[in-house]
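So you can see what is in the structure, the chains are spelled out below.
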Amino acid sequence: MAEGPSRHLENENMGNQDEGAQAPFQGSLLGKMADLVDFLLSKYRRKETSTQAEMLREVFNNEQNHFPEIFSQARECLQLVFGIEMQENSQAHNYVLAPTLGLTYDGMTEAEDSKPKTGLLILVLGVILRGGGYASQEAVRAVLGVMGLFDRRGYSVFGEPWQLLTNEWVREQYLVYQQVPGSQPPRYEFLWGPRAHAETSKVRVRELWLRVINRYQYIGLPPAHRDGS
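Residues numbered from 1 in each chain as written. Predicted model: local features only at pLDDT ≥ 70, side-chain atom pairs only at ≥ 80, totals over all residues. Heavy atoms only, no water.

Some words on the pairing of strand β2 (residues 94-99)
With respect to burial, β2 is a largely interior element, five of its six residues being buried. In this antiparallel pair of consecutive strands, strand β1 (residues 84-89) and β2, the connection spans four residues, and His93 shows a positive phi of 60°. (Buried < 20%, exposed > 50% of the residue type's maximum accessible area, 1.4 Å probe, protein only. Helix = DSSP H or I, 4+ residues; strand = E, 2+ residues; numbered from the N terminus. Pairing = 2+ DSSP bridges.)

A word on the environment of Gly83
Looking at the element boundaries, Gly83 is found in the loop between α4 (67-82) and β1. For the pair formed by Gly83 and Pro116, sequence separation is 33 residues and the distance between their alpha carbons is 7.2 Å.

Here we look at helix α7 (residues 161-171)
All buried positions along α7 are accounted for by Pro161, Trp162, Leu164, Leu165 and Trp169. One side of α7 carries all its buried residues, which in axial view fall inside an arc of 160°. Where α7 is buried, its residues meet α5 (118-130), α6 (137-146), β4 (175-179) and β5 (188-192). Immediately beyond the C-terminal end of α7, within one or two residues, lies Gln173, with a positive phi of roughly 70°. (Arc of directions from axis to C-beta. Contact = heavy atoms within 4.5 Å.)

Description of the sheet that holds β5
If you walk across this open sheet you meet the three strands as β3-β5-β4, and the pairing is antiparallel. For this open sheet the edge positions go to β3 (135-136) and β4, each flanked by a neighbour on one side alone. Relative to β5, β3 is paired through two bridges, and the arrangement is antiparallel. Bridge pairing links Ala135 to Phe190 in β5.

Observations concerning unusual backbone geometry
It is generally the case that most residues other than glycine have a negative phi and that most peptide bonds are trans. Backbone torsion omega between Gln184 and Pro185 reads 0°, so that peptide bond is classified as cis. As for its placement among the helices and strands, Pro185 is situated in the loop between β4 and β5. Non-glycine residue Asn61 carries a positive phi angle of around 50°. Following the sequence through the fold, Asn61 ends up in the loop between α3 (52-59) and α4. The backbone of Asn62 sits at a positive phi, close to 65°, despite the residue not being glycine. Classification of Asn62 by relative accessible area gives exposed; the value is 53%.

Set out below in structure tokens:
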């Protein structure tokens, strides 16, 4: 899922290096970015803040080479993939991690490998916006599938997504899941729920959703409207 940010890192600072030296360099940067994302996710799970000095010490062994670019990519990955925003507190000189776009939901559980699910929720809300306020379940599945969020069994890094979409997020009032009026045989669609309307805005979700889509360089999005047009 970090494919977009990873691609960007691969193209940065390659300069005039020969091709033989480029692959280890790329792997080193991508590995450090993954390590930093994991470190920050662990901080988020424990509801702890983090400082640049701590990141340098715990992840980079106090080596500052390429830290700014790796930090920038890790920060973007957290927001686009997991829906977690790093907010800088200049007075305390640290970073606070919180769900992005004003959302209060993260879907975290007590499991050690639990991942924030706010990013997935934002993707679904964006698909609904693209459909003019409605998105068929086929359109949602197609978009998330193309973006690599499902494996062959229908599972992802977030667990079983359809349990989230049709049960948990409906219960949390972020989504409405209903039968398309007059459809025979029955077809189903998603709408924004009242909590989504209360906590964020269509403009903010659309802006972040477009950033995600651009990262994945995916242009041929499947239809999202009720009639499939």
